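Residue-level structure breakdown
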Amino acid sequence: MKLVVMMYLEEDTEAVHKLLAREGVEVFSEAAVRGHGRGAAGWYGDVAPYPSGMLMAFLPAEPAEALMEAIRGCEGCQDSDHPIRGWMMDVEKSAASGPRVP
């Protein structure tokens, strides 16, 4: 099992949802977040926060790899300085409260 985390500008949400649909990813969680970064020399110390999204999907290995490739090939982001980014991690263990599910 893999965990794929994606981060993207709010303006790219529709493109991200289309990418997920093309890759057959139907179950995921997403949240609105604010990205922060450093300002340029001679400018403010910090730039204004970026309205962004973060998405998490638990997937089997093959679909997770395919999603990562789709992220690499994704074009048409609203801001080329802020591409859609993805990270894939191994899931070592899982637990849930309540009755055991077979």
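First things first, this report covers the structure right here in the doc.

Our next topic: the nonpolar core. Ranked by size, the top nonpolar core spans 16 residues in total, and within it Val4, Met6, Val16, Leu20, Leu59, Leu67 and Ile71 carry the most contacts. Looking at this core, the elements that each hand over two or more residues are β1 (2-9), α1 (13-22), β3 (50-59) and α2 (61-73). Broken down by element, the residue count for this core peaks at 5 residues, all from α2. Once residues lying within four places of it in the same chain are set aside, the contact partners of valine 4 are Leu55, Met56, Ala57, Leu59, Ala64, Leu67, Met68, Trp87 and Met88.

Here we come to the pattern of salt bridges. Tallied over the entire structure, the rule returns 3 salt bridges. Linking aspartate 90 and lysine 2 is a salt bridge whose minimum nitrogen-to-oxygen distance equals 2.2 Å. Here aspartate 90 is found in strand β4 (residues 85-90), whereas its partner lysine 2 is found in strand β1, with 88 residues between them in sequence. The class of aspartate 90 is exposed, set by a relative accessible area of 57%. Residue class for lysine 2 comes out buried when judged on its relative accessible area of 16%. The partner of lysine 18 in a salt bridge is glutamate 14, with the nearest N and O atoms 3.3 Å apart.

Spatial ordering of the open sheet is given by β2-β3-β1-β4, a layout of 4 strands whose pairing is antiparallel. Whereas interior strands pair on both sides, the edge strands pair on one side only; in this sheet they are β2 (29-35) and β4. The sheet shows a mean angle of 20° between the axes of neighbouring strands, taken without regard to direction. As paired elements, β1 and β4 share 6 bridges and run antiparallel to each other. If you follow leucine 3 over to β4, its bridge partner there is methionine 89. Where α1 meets the sheet, it contacts β1, β2 and β3, and its direction lies at approximately 150° from that of β1.

In this section: the layout of surface pockets. If you add up the space inside the largest pocket, you get close to 220 Å³. Contributing to the lining of the largest pocket are 13 residues, with Met7, Gly35, Ser52, His82 and Arg85 lying nearest its centre. Mapped by element, the contributors of at least two residues to the lining of the largest pocket are β1, β3 and β4.

Cut-offs applied
- Residues numbered from 1 in each chain as written.
- Predicted model: local features only at pLDDT ≥ 70, side-chain atom pairs only at ≥ 80, totals over all residues.
- Heavy atoms only, no water.
- Core = buried A, V, L, I, M, F, W, Y, C linked by side-chain atoms within 4.5 Å.
- Buried < 20%, exposed > 50% of the residue type's maximum accessible area, 1.4 Å probe, protein only.
- Helix = DSSP H or I, 4+ residues; strand = E, 2+ residues; numbered from the N terminus.
- Contact = heavy atoms within 4.5 Å.
- Salt bridge = Lys/Arg side-chain N within 4 Å of Asp/Glu carboxyl O.
- Pairing = 2+ DSSP bridges.
- Axes fitted to C-alpha atoms, helices over the stretch in contact; angles between N-to-C directions.
- 1 Å grid on protein atoms, 1.4 Å probe; cavity = no way out; pocket = protein on both sides within 12 Å on 5 of 7 lines; lining within 4 Å.
- Points joined across faces, edges and corners; volume = space filled by probe spheres on them.

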